[in-house]
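Here is what each chain is made of, one letter per residue.
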Amino acid sequence: MLQVCQGEDGTTMPMLLPEEVTSSPQDLRMSRENILSAQFECYLRILHDPPHTEPGPYCNRTWDGWLCWGDTPPGTAVQNCPDYFNDFDPSEEVTKVCNPDGQWFRHPDSNRLWSNYTQCTAYTTKKLEVALTMYYLAVVGHALSAISLLISIFIFSYFKCLSCQRISLHKNMFMSFILNSVLMVIWFTGGIFNQTHDAINPIGCKILASLIHYTSSTNYFWMLCEGIYLHTLIIVAVFVGEQQLGWYYLLGWGFPVIPVVVHGVARLLFHDDKCWIMNSNMLYIIHGPIHVALVVNLFFLLNIVRVLVTKLRVTHKSESNVYMKAVRATLILVPLMGAHFILVPLQPKGRVAMAIYEFFMNIFMHFQGLLVAIIFCFCNGEVQSAIRRKSSQYRAQWRRRLVTTDSHCNYHTNSSITETSRVIISSEHVPPSVDTEKTCTTTHSLNGQSNGKRCNNGAQEAPKLLESSEI
């Protein structure tokens, strides 16, 4: 659909409306509102900004129909693409050329003032394919994480020999990852297949975003609880018994509520955007405590490794295995310390490099629960030993059951064959003077079936052995 509007040169010009990009009435209304709002703000800037005072020619400030351009010296002015339409990529750039004579560039075909928006949609299709790949990768990662963590919790709960304080911390951390994975799958499926869910139910969408922030924070703070527990166990109180887990529950589940609530209030007051999905500086309210937790956890890890290496040098060989197990237990914290936060400053510029970067970022972010389950449960030597013992018990019980069943079947088979032989022999040696009814009675049943002679109208038939289907 084309709509005639006033162009930057004062003449009428056709403007592309969002119907050609999207058929959603909701998207169309929002695009129109955004364009009108940007146009109004641009006119205010044109009227109230101070005049250009630098010497030399320059191009006058103008509104080109989508973006506002200020007073520009000769050269190429650059802005990011607007986000009015779904197929516009805001990371791409719009260019507008100011000629040396102080006039904006005119397109040679139409002889009208022209801004280059071609890059806004040049790579949209390829980027959409990459985005869909990353979407499915994220959903699969969270689904696998949730399933593997549920299996891990079942294993820890089923085998009572594994019950201890550290396993309790493991199960709480697993539960935080499960909750985060479930909420992320709901978020992704709702955002992809119902693009207007934030407009239909903005309150529910913002609550879901806050819950995702909360569960994500609990992941890192339960990692911190693991580090504090190991540090206290190995460094502070090696010979002390069980620790009080109440403080760990308060830190793991309770403390993340504070930054999430503060973030929600701040977004409501100062940046109440669509579903709180736009990145803003307010995210540091949540990310700041996470970064602190990662740094403290790193300090605990390095300190534990330092102390254990020192002890390994002075202890006897018989004690080395105990300390080495503790070293391995601490080293599993390394991949859980937020590698994606380390990769954030290393974001590349090229499109191919950016796609590879996003792939690894998705692996580190969305498969973290699966990594936790593998390291803490599936690769745990005690878990593997418990599973092997239980499987050996089941195999032994199954073999005993098979042996018992075979012996029972052999006994009944031999007994039935013996009884059948006796009946046949007794039938062959019955004297002729014996009453027919008595003979029929003596050979009437064997194992619940008729296996002897039959009587018909008082006449005696030849003895016949019937096959038995049950032994």
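Everything numeric in this text was worked out from a predicted model, so none of it was measured.

Enquirer: Any chance you could explain the side chain of K96 here in plain terms?
Expert: Structurally, the position occupied by K96 is in strand β6 (residues 93-98). Take K96: its relative accessible area is 1%, and that puts it in the buried class. Within the local environment of K96, its side chain forms a polar contact with the side chain of S115, the two groups lying 3.1 Å apart.

Enquirer: Looking at this structure, how should I read the nonpolar core?
Expert: The tendency in soluble globular proteins is for nonpolar side chains to be buried as a group. The biggest cluster of nonpolar side chains holds 29 residues, and the ones touching the most others in it are L149, F156, M173, F174, Y248 and V372. Those elements that place two or more of their residues in this core are α3 (124-158), α4 (165-193), α6 (202-236), α9 (284-314), α13 (368-378) and α14 (381-428). In terms of residue count, α4 provides more of this core than any other element does, six residues in total. Excluding residues that lie within four positions of it along the chain, Y248 makes contacts with L169, W222, C225, I228, Y229, T232 and Q243. In terms of nonpolar packing, the next biggest core, distinct from the first, is built from 19 residues, I35, W69, Y84 and C120 among them.

Enquirer: When you look at a nonpolar patch on the surface in this model, what are you seeing that I'm missing?
Expert: Among the surface-exposed residues, V257, V261, V265, L268, L269 and F270 lie close enough to one another that they form a single nonpolar patch of about 600 Å² accessible area. With respect to the helices and strands, L269 occurs in helix α8 (residues 257-270).

Enquirer: Looking at this structure, I do not really get the pairing of β6. What am I missing?
Expert: It is a general feature of regular strands that their side chains alternate between the two faces of the sheet. Alternating residues of β6 divide into V94, K96 and C98, all buried, and E93, T95 and V97, none buried. As paired strands, strand β5 (residues 75-80) and β6 are joined by six bridges and run antiparallel to one another. In the sheet register, A77 faces β6, and the bridge partner there is K96.

Enquirer: Please explain the packing of α3 against helix α12 (residues 351-366) as it appears in this structure.
Expert: Between two packed helices, both the angle of their axes relative to each other and the distance between the axes serve to describe the pair. Taken N-terminus to C-terminus, the directions of α3 and α12 make an angle of 15 degrees; their axes are 9 Å apart at the nearest point. It follows from the interaxial angle that α3 and α12 lie roughly parallel. At the point where α3 passes α12, the crossing takes the right-handed sense. Here K127, V130, M134, L137, A138, G141, H142 and S145 of α3 come into contact with α12, specifically with R351, A355, E358, F359, N362, I363 and H366. Grouping the amino acids of the contact of α3 with α12 by side-chain chemistry returns seven nonpolar, five polar and three charged.

Enquirer: Explanation requested: the pattern of salt bridges in the structure shown.
Expert: Side chains that differ in sign of charge can pair as their charged atoms come close. All chains considered together, the criterion is met by six salt bridges. Between E33 and R29 there is a salt bridge whose closest N-O contact spans 2.7 Å. Taken together, the positions of E33 and R29, both in helix α1 (residues 25-48) and four residues apart, correspond to about one turn of that helix. Looking at R29, the relative accessible area reads 40%, which means it is partly exposed. What you see here is one network of salt bridges that share partners, running through D89, E92 and K127.

Enquirer: Explanation requested: the environment of G141 in the structure shown.
Expert: Checked against the element boundaries, G141 lands in helix α3. When the C-alpha positions of G141 and G369 are compared, they lie 8.2 Å apart, and in sequence the two are 228 residues distant. In this view, G141 contacts H366 and F367; residues no more than four positions away in its chain are not counted.

Enquirer: It is not clear to me how the state of the cysteines should be interpreted in this structure. Could you clarify?
Expert: Between two cysteines, a covalent bond joining their sulfur atoms is known as a disulfide. Applying the stated rule across the entire model yields three disulfides. Through a disulfide, C42 is tied to C68; the S-S separation comes to 2.1 Å. Its S-S torsion of approximately 70 degrees makes the covalent link between C42 and C68 right-handed. Here the residue C42 occupies a position in helix α1, and C68 occupies one in strand β4 (residues 68-69), the gap between them amounting to 26 residues. Accessibility assignment for this pair places C42 and C68 in one class, buried.

Enquirer: Any chance you could explain the confidence of the model for the protein here in plain terms?
Expert: Caution is warranted with low-pLDDT regions, since their predicted coordinates should not be read in detail. Model confidence for the protein is summarised by a mean pLDDT of 75, while 70% of its residues fall at 70 or above. Note on residues 1-23: pLDDT under 50 across the span, and 54 contacts to partners over four residues away in sequence or across chains. For the stretch residues 427-471, pLDDT sits under 50, and the model shows 41 contacts to residues farther than four places along the chain or on other chains.

Enquirer: Please clarify how the environment of G56 should be interpreted in this entry.
Expert: Within the secondary structure layout, G56 lies in the loop between α1 and β3 (62-63). Relative accessible area serves as the criterion here: at 45%, G56 is assigned to the partly exposed category. Separated by 45 residues in sequence, G56 and D101 place their C-alpha atoms 9.4 Å apart.

Enquirer: Can you walk me through unusual backbone geometry in this structure?
Expert: One can expect most non-glycine residues to show negative phi and most peptide bonds to be in trans. Residues other than glycine seldom take positive phi values, yet N111 does so here, at roughly 55 degrees. With respect to the secondary-structure elements, N111 resides in the loop between β6 and α2 (119-122).

Scoring rules and cut-offs
Residues numbered from 1 in each chain as written. Predicted model: local features only at pLDDT ≥ 70, side-chain atom pairs only at ≥ 80, totals over all residues. Heavy atoms only, no water. Helix = DSSP H or I, 4+ residues; strand = E, 2+ residues; numbered from the N terminus. Buried < 20%, exposed > 50% of the residue type's maximum accessible area, 1.4 Å probe, protein only. Polar contact = N/O pair within 3.5 Å; in protein donor to acceptor, adjacent residues only side chain to side chain. Core = buried A, V, L, I, M, F, W, Y, C linked by side-chain atoms within 4.5 Å. Contact = heavy atoms within 4.5 Å. Patch = residues over 30% accessible without salt bridge, like charges linked within 9 Å, V, L, I, M, F, W, Y side chains within 5 Å. Areas by Shrake-Rupley, 256 points an atom, 1.4 Å probe, with all protein chains shown as cover. Salt bridge = Lys/Arg side-chain N within 4 Å of Asp/Glu carboxyl O. Pairing = 2+ DSSP bridges. Axes fitted to C-alpha atoms, helices over the stretch in contact; angles between N-to-C directions. Parallel < 35°, antiparallel > 145°, perpendicular 65-115°, else oblique. Left-handed = near helix turned anticlockwise from the far one by under 90°. Nonpolar A, V, L, I, M, F, W, Y, C, P; charged D, E, K, R; others polar. Disulfide = S-S within 2.5 Å. pLDDT = per-residue confidence, 0-100.

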